[in-house]
Amino acid sequence: MHVITVEGVGNCRRGLHPIQESLARSHGSQCGFCTPGFIMSIYALLRSSQEPPTLEQIEESLAGNLCRCTGYRPIVDAFRVFAKTNDSLYVNGALEGHSGQFICPSTGKPCSCGLKPGNEDEKLKTDRCSVDDYSPVSYSDTDGTIFTNKELIFPPELLLRKLTYLCLTGLNGLKWYRPLKLQHVLDLKARYPDAKLVVGNTEVGIEMRLKRMEYRALIYIAHIPELNQLSLNDEGMEIGAAVKLSELMKVLQTVSDKRPPYETSSCRALIEQIKWFAGTQIRNAASIGGNICTASPISDLNPLWMAAGAKFRIVDGKGNIRTCPAEKFFLGYRKVDMASSEILHSVFLPWNKQYEFVKEFKQAHRRDDDIAIVNAGMRVLLEQRDTKWVVSDASIVYGGVAPVPLFAYKTKLFLIGNTWSKELMQDALEVLQEDIVLKENAPGGMVEFRKSLTLSFFFKFFLWVCHHVDGQTSCPSGIPSSHLSAIQPFHRTSVTGSQDFDITKHGTAVGSPEVHLSSKLQVSGEAEYTDDTPVPPNSLYAALVLSKKPHARILSIDDSGAKSSPGFAGIFFAKDIPGNNNIGPVIADEELFASEFVTCVGQVIGVVVADTHENAKNAARRVHIEYDELPAILSMKDAIHCNSFHPNTEKCLRKGDVDLCFQSDQCDKIMEGEVQVGGQEHFYLEPNSSLVWTVDNGNEVHMVSSTQAPQKHQKYVSHVLGLPMSKVVCKTKRIGGGFGGKETRSAFLAASAAIASYLLNRPVKLTLDRDIDMMITGQRHSFLGKYKVGFTNNGKVLALDLEIYNNGGNSLDLSLAILERAMFHSDNVYEIPNVRINGRVCYTNFPSNTAFRGFGGPQGMLITENWVQRIAMELKKSPEEIREINFQREGSVLHYGQKIEHFTLDRIWNELKTSCDLYNARKEVDQFNSNNRWKKRGIALIPTKFGISFTTKFMNQAGALVQVYTDGTVLVTHGGVEMGQGLHTKVAQIAASSFNIPLSSVFISETSTDKVPNATPTAASASSDMYGAAVLDACEQIKVRMKPIASTRNYSSFAELANACYMERIDLSAHGFFITPDIGFDWKTGEGIPFRYFTYGAAFAEVEIDTLTGDFHTTKADVTLDLGFSLNPAIDVGQIEGAFIQGLGWAALEELKWGDPAHRWIPAGFLYTCGPGNYKIPSVNDVPLKFNISLLKGAPNAKAIHSSKAVGEPPFFLASAVLFAIKDAIVSARAEVGCSDWFPLDNPATPERIRMACTDEFTKAFVDSDFRPKLSI
Ligand SMILES: Cc1cc2nc3c(=O)[nH]c(=O)nc-3n(C[C@H](O)[C@H](O)[C@H](O)COP(=O)(O)OP(=O)(O)OC[C@H]3O[C@@H](n4cnc5c(N)ncnc54)[C@H](O)[C@@H]3O)c2cc1C
Ligand code: FES
């Protein structure tokens, strides 16, 4: 085996590989945590491709990688260039096309991004890049060589090396064998009957790592010749059990191309199913035997093997082979017809007969890299009798509806002998319901959806077979052509898009679309994150002891098991805390370690340290706690019912007189309703991590932490240890994404590690596993809004009475500020004369919820847009019309007294309406919908206004330290944290422009509490505004000091000037400070100016849904945002794209499922969706097919640094355009069955919600048209 790491592919010293360089240049790396994975995926593809891959292959190879920052578009663009046959990329001078025009190094297309700097008025309409210093993609800064000279080759000595039998011993005596002969495998299996066979390890790996299963022996069977055979004969094809899925797919493709088409119906069904099986990485490693023998009830292939009539060959310890029909192989949940001495040898797949049709089905949460909710394999053999087609054999098999793949025997018997007709189909649907029995609280939930899918799939199968029988030219009689939409396969075209912005430069760097300053380190894997920090000698690793009950009294703690576990070094509980156990970012309503009561699952009770991470986790698992369980509040509705609120969180905002307005006859209509807003997991790619150590025998404590708020870590640690803050230092170089999740809910982790470190006087590292991180560190708040809205017949809103609640969880954390922002944003962009908003924070027995991009704003605006959309439906007008008629304008006074100034939404709206051609888009969608019964399209145009400033006034302050060195380089430190958003890059640009030096002369190393004290967390989108201004202040101070020297003569460089100042004993270091002026809000009067200014934007989205399955994709999204004069348009575009895709996750993909009254099949208070396996963030294939971003031109912002505007949070809400476009499509689907009433559609609009809202004859078998799928809120 030869392993090439990302550093081996290329690095900053040796030179970057073209792939790395292209990704860096294309702004495809923000926090950088995902970046090495993307590099390696594309590197593997390019190295293994005989010829340049197609664009589809490139996108497909990225489908198994996740990025939470970029929105994927720049990543695809960066790699797009490798799809071309363009050797010149690897050598100098690739920049000119045939006609002499500039060829973009990212897209490989002609574009204008390479125009020379300083040309014309420096305004570019660009495709992304800053190419003012373009050098060859493969050029090494260090030695000037080109990359092809150093491409790694597969070591020849390894090619010559012969495989040998291997036996290795691992942790706890685990044996790992690599036999080379089948007999050796059988012998080993006789010796270790419980041994696991391993090929891809994709299942066993998960069992051992996540399910904590322990095995004595693993037998790696990938090299056994018999298990890798692939042979064909007249009857069918024999496939060895160790054959990998990618390999199988290739062979099936070749076979399908060569044999008569009717023989390979099963092959094609398998190919189609494997396409949506996991991602490329898994398909390259996973074997068919592994899939079959895992016997998962949701295996994608087992229903197909069964339906296709495959036979499994099983070999026993003596080498005898027996055959078992796939249909009979699965006996119970993960139980198969195989003795412990037997193994699966191969699969025999028979060729199909003439008029035999086999088809696959799968519906998952996310189309790519996701396990099925329900899948199916269906086969029918037809026989022509006179003019009729009669069923002579059939098999209908479903996955995901029973503990084993379910063979619908009654349906099979019913079909055989009958004529394949519409009537048969309808009767078969009835019989199917007898075959498939799912109880109400069946594991996995979504029972109604799953049952509906079984019927939808069969209906699709019926149409598909009809279509094929009829020679694919016409529809079977009696079926309208619009029904063919049910069987049109989904084909995703490649992502395209444009990024349209002006560049307004200010000095040497401000305004320029510079690449992220750490991008080169990130693409080469050299960038260090907290967990990469080398641990000092003698370090220990920590794991947390966590509550397993949502609400209980702790009766006893038995830690003897932990103390006797390997590598144990110490365990600490509440009684051991040297300082104060009571913590909390706003009020101290939490305990660091629960002392008497636990109030949520996952609450920290203690910390264990051991010599390794694994040993620490093992020891923590061995702590036994006895609880006395108490009643728990597990939903907001329960909280409201039981009057369970966090103390002092009742807030009210008022404008006009709501009651009077409702009582008067001004309102033609008054509507009341309820909006549920689902939560969201941050899913930063880097989990929380802290490394803490003591200095001078515990006199000082230092730490490196992954946090957005180093000052909070410093404060918490000093508080729990009883040390002064001056003796505690926290440093943060960069973090792998935060999105609000590391603003407050990371500090208790550092404090936990600090307890162990301080008491043992040894360095301690605590890095959370993904599942624990998701379980215990809180999420975006779910919200509940109860509205009453009065309006006129032409749609003018006159009064809004809103009760708004958020789910705070078991401590207050930032929930009140989040509720307040939701209340501020509950008007979105609409002028409402009479408003009353009452808000409260619900106390529930869940982990405390916390900040997440938008900080309550999106939830408030989503509630608003829900009632706006409802008014439109009520009045039979378009939602855009209702929006326009209610828009705020310049001078509008908001419901909290702030006056709108510099209003730009009207411009944005009109420009976007024109550029997306709303009128024609609507016409085309209507046309499509009238021609397609089972696919519908929808559109939406959504506006936003986001207030910039922390609504807590004192937090609007920022400090910075600027140091000029005698060589003319500048070191900047400020209170903000770099988390991928490009803060350091923008701030460095400000310093460079201020000193009139190149950007390369400015460096920002890290954020540290001993350089800039009392820093506000990096949050609220305002960090560039504030830290940029603080840095500018420091630079200006230094410039003032330099001025007398500078004025004496003309210095040839800044270095010369700096050195001259030094010689004259001028202080070249300055502390800068900034406070946001003219803001403040008084909750007593409900009046004030909470926001310095607003960022406005709008988005258009078009989607297509499959009404039978709930599958959807976004065909188009256009976003326009007003960012004033952007400090760095490339970074800002990246923020918009990233926020939009993250928002799309919130709007339509990401669902948190908690053990609550809605999900009784999950243990109370536990988070079910606690990993990438069942919590689905958008992947590359969820990006809108056309994704256009524009920044409003010519709109300087007088209220922030260099006329710019804040960008981080404002675009997030715009992704709700996708949700409302989905709703628009569903409206058309419902109209087909005469349902024209308004209906709720909660976010996320998952396939379950979409499909169940598209009420039709298949859903009506189980639920009414007003059915609302369950949501944890
Ligand atoms: C990220 C991810 C995504 C996934 N997506 C999907 C998906 O979309 N659809 C789906 O169906 N599955 C999916 N899976 C599940 C899994 O990848 C597949 O089941 C895969 O085919 C297992 O193959 P493997 O070679 O990796 O199995 P391994 O982990 O190597 O082995 C799995 C089991 O099979 C047994 N076994 C293997 N070979 C034999 C044999 N010859 N005889 C007897 N027993 C044998 C082993 O003892 C072991 O118990 C996914 C898994 C992951 C991690
Ligand atoms: S850049 Fe991809 S996760 Fe941050």
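- With an unreviewed UniProt entry as reference, the protein chain is termed xanthine dehydrogenase, source organism Coffea arabica.
- Within the UniProt record for the protein chain, the comment given under Subunit (unreviewed entry) is "Homodimer."
- The protein chain has a UniProt comment under Sequence similarities (unreviewed entry) that states "Belongs to the xanthine dehydrogenase family."

## Considerations on the sheet that holds strand 14 (residues 388-399)
Moving on, step 1. The strand order across the open sheet built from four strands is 12-13-14-15, with neighbouring strands paired in antiparallel fashion. For this open sheet the edge positions go to strand 12 (356-364) and strand 15 (406-407), each flanked by a neighbour on one side alone.
Moving on, step 2. Packing of helix 10 (residues 265-275) onto the sheet brings it into contact with strand 12 and strand 13 (372-385), and relative to strand 12 it is tilted by some 10°.

## Some details on the domain arrangement of the protein chain
Moving on, step 1. Assigned domains of the protein chain: these are domain 1 (6-86 + 143-152), domain 2 (164-219), domain 3 (227-472), domain 4 (537-631 + 688-767), domain 5 (783-950 + 1086-1253) and domain 6 (957-1075).
Moving on, step 2. Taking only C-alpha atoms into account, the centre of domain 3 sits 41 Å from that of domain 5.
Moving on, step 3. Both sides of the domain 3 and domain 5 interface together cover about 2000 Å² of buried area, and 55% of this is carbon and sulfur.
Moving on, step 4. The largest per-residue losses of area from domain 3 upon contact with domain 5 belong to His365, Arg366 and Arg367, which jointly make up 32% of the total buried on that side.
Moving on, step 5. Applying the counting criterion to the domain 3 and domain 5 interface returns three salt bridges.

## Digging into empty space enclosed by the protein
Moving on, step 1. Within this structure, the stated rule accounts for 14 cavities of 30 Å³ or more.
Moving on, step 2. Taken together, 15 residues line the second largest cavity, and the ones lying closest to its centre are Gly445, Met446, Val447, Ala1158 and Lys1270.
Moving on, step 3. Here the lining of the second largest cavity is composed, by residue class, of six nonpolar, three polar and six charged.
Moving on, step 4. Per-domain counts for the lining of the second largest cavity show at least three residues from each of domain 3 (227-472) and domain 5 (783-950 + 1086-1253).

## A look at the site of ligand 1
Moving on, step 1. Surrounding ligand 1, one finds 31 residues, the nearest of these being Leu197, Val199, Thr202, Ser287 and Asp300.
Moving on, step 2. Between ligand 1 and the protein, one listed contact pairs an oxygen atom with a side-chain N or O atom of Asn291 at 3.0 Å.
Moving on, step 3. In the model, a nitrogen atom of ligand 1 is placed 2.8 Å from a nitrogen or oxygen of the Asp300 side chain.
Moving on, step 4. When contributions to the shell around ligand 1 are tallied by element, the ones reaching two or more residues are strand 3 (196-198), helix 8 (204-209), helix 12 (288-294) and strand 11 (343-350).
Moving on, step 5. Grouping the constituent residues of the shell around ligand 1 by class yields 16 nonpolar, nine polar and six charged.
Moving on, step 6. If you count residues domain by domain, the shell around ligand 1 takes at least three from each of domain 2 (164-219) and domain 3 (227-472).

## A few points about the UniProt feature "binding site: substrate" (unreviewed entry) in the protein chain
Moving on, step 1. Taking the UniProt record as the reference, the feature "binding site: substrate" (unreviewed entry) is found at Glu743, Arg821, Phe855 and Thr951.
Moving on, step 2. Tracing the sequence through the fold places Glu743 in the loop between strand 29 (728-732) and helix 24 (747-760).
Moving on, step 3. A residue is classified by how much of its surface remains accessible, and Glu743, at 4% relative accessible area, is buried.
Moving on, step 4. With residues near it in sequence (within four places) discarded, Glu743 still touches Gln708, Ala709, Lys712, Leu814, Ala851, Phe855, Pro1017 and Ala1019.
Moving on, step 5. Here Phe855 lies in the loop between strand 33 (834-843) and helix 27 (857-875).

## Examining the side chain of Ser746
Moving on, step 1. Tracing the sequence through the fold places Ser746 in the loop between strand 29 and helix 24.
Moving on, step 2. Of the polar contacts made by the side chain of Ser746, one reaches the side chain of Thr707; its length is 3.2 Å.

## Here we look at a negative patch on the surface
Moving on, step 1. Together, Glu423, Asp427, Glu430 and Glu434 make up a negatively charged patch on the protein surface.
Moving on, step 2. Note that Glu434 resides in helix 16 (residues 422-435).
Moving on, step 3. For Glu434, a relative accessible area of 49% translates into the label partly exposed.

## Looking at unusual backbone geometry
Moving on, step 1. Between Asn1243 and Pro1244 the backbone carries a cis peptide bond, its omega angle lying at 0°.
Moving on, step 2. In this fold, Pro1244 is placed in the loop between helix 35 (1216-1231) and helix 36 (1247-1253).
Moving on, step 3. Here Ala1020, not a glycine, exhibits a phi torsion of approximately 65°, which is positive.
Moving on, step 4. Take Ala1020: it is sitting in the loop between strand 38 (1007-1008) and helix 32 (1023-1046).
Moving on, step 5. Phi is positive for Ser1021, which is not a glycine, with a value near 65°.
Moving on, step 6. Mapped onto the elements, Ser1021 comes out in the loop between strand 38 and helix 32.
Moving on, step 7. With relative accessibility at 16%, the residue Ser1021 sits in the buried group.

## Focus on the UniProt feature "active site" (unreviewed entry) in the protein chain
Moving on, step 1. The UniProt entry lists Glu1209 under the feature "active site" (unreviewed entry), expressed in the numbering used here.
Moving on, step 2. For Glu1209, the location among the structural elements is in the loop between strand 44 (1186-1191) and helix 35.
Moving on, step 3. Setting aside residues up to four positions removed in sequence, Glu1209 forms contacts with Arg853, Gly854, Phe855, Phe946, Ala1020 and Ser1021.

## Here we look at a nonpolar patch on the surface
Moving on, step 1. Together, Phe154, Leu159 and Leu160 give the surface a local cluster of nonpolar side chains, amounting to about 360 Å² of exposed area.
Moving on, step 2. If you trace the backbone, Phe154 turns up in the loop between helix 5 (73-80) and helix 6 (156-160).
Moving on, step 3. In this structure Phe154 comes out as partly exposed when scored by relative accessible area, which is 38%.

## So, helix 27
Moving on, step 1. A rise of 1.5 Å per residue sets the reference length of helix 27, with its 19 residues, at 27 Å; its end C-alpha atoms lie 27 Å apart and thus fit the reference within 8%.
Moving on, step 2. Counting buried positions along helix 27 gives 18 out of 19 residues, so the element sits mostly inside the fold.
Moving on, step 3. A positive backbone phi angle near 55° is found at Lys876, which sits one or two residues after helix 27.

## With respect to the environment of Thr493
Moving on, step 1. Mapping Thr493 onto the fold places it in the loop between helix 17 (447-469) and strand 16 (496-500).
Moving on, step 2. For the pair Thr493 and Asn1181, spaced 688 residues apart in the sequence, the C-alpha separation amounts to 9.6 Å.

## So, the packing of helix 3 (residues 35-48) against helix 4 (residues 55-62)
Each pair of packed helices can be summarised by the angle the axes make with each other and by the distance between the axes.
Moving on, step 1. Where helix 3 contacts helix 4, the axes come no closer than 9 Å and their chain directions differ by 135°. On the basis of the axis angle, helix 3 is oblique to helix 4. When the axes of helix 3 and helix 4 are compared, the crossing they make is right-handed. Residues Phe38, Ser41, Ile42 and Leu45 of helix 3 form the contact with helix 4, whose participating residues are Gln57, Ile58, Ser61 and Leu62.
Moving on, step 2. Of the residues belonging to the contact of helix 3 with helix 4, the class tally is five nonpolar, three polar and no charged.

Here is what the cut-offs are and how they apply
- Residues numbered from 1 in each chain as written.
- Chains lettered and ligands numbered in written order.
- Predicted model: local features only at pLDDT ≥ 70, side-chain atom pairs only at ≥ 80, totals over all residues.
- Heavy atoms only, no water.
- UniProt positions renumbered as here; feature names shortened; annotations may be inferred.
- Pairing = 2+ DSSP bridges.
- Helix = DSSP H or I, 4+ residues; strand = E, 2+ residues; numbered from the N terminus.
- Contact = heavy atoms within 4.5 Å.
- Axes fitted to C-alpha atoms, helices over the stretch in contact; angles between N-to-C directions.
- Domains from an automatic or database assignment.
- Buried area = accessible area lost by both parts, 1.4 Å probe.
- Salt bridge = Lys/Arg side-chain N within 4 Å of Asp/Glu carboxyl O.
- 1 Å grid on protein atoms, 1.4 Å probe; cavity = no way out; pocket = protein on both sides within 12 Å on 5 of 7 lines; lining within 4 Å.
- Points joined across faces, edges and corners; volume = space filled by probe spheres on them.
- Nonpolar A, V, L, I, M, F, W, Y, C, P; charged D, E, K, R; others polar.
- Near = heavy atom within 4 Å.
- Polar contact = N/O pair within 3.5 Å; in protein donor to acceptor, adjacent residues only side chain to side chain.
- Buried < 20%, exposed > 50% of the residue type's maximum accessible area, 1.4 Å probe, protein only.
- Patch = residues over 30% accessible without salt bridge, like charges linked within 9 Å, V, L, I, M, F, W, Y side chains within 5 Å.
- Areas by Shrake-Rupley, 256 points an atom, 1.4 Å probe, with all protein chains shown as cover.
- Lys, Arg positive; Asp, Glu negative; His and termini not counted.
- Charge placed at Lys NZ, Arg CZ, Asp CG, Glu CD.
- Expected span 1.5 Å × (residues − 1).
- Parallel < 35°, antiparallel > 145°, perpendicular 65-115°, else oblique.
- Left-handed = near helix turned anticlockwise from the far one by under 90°.

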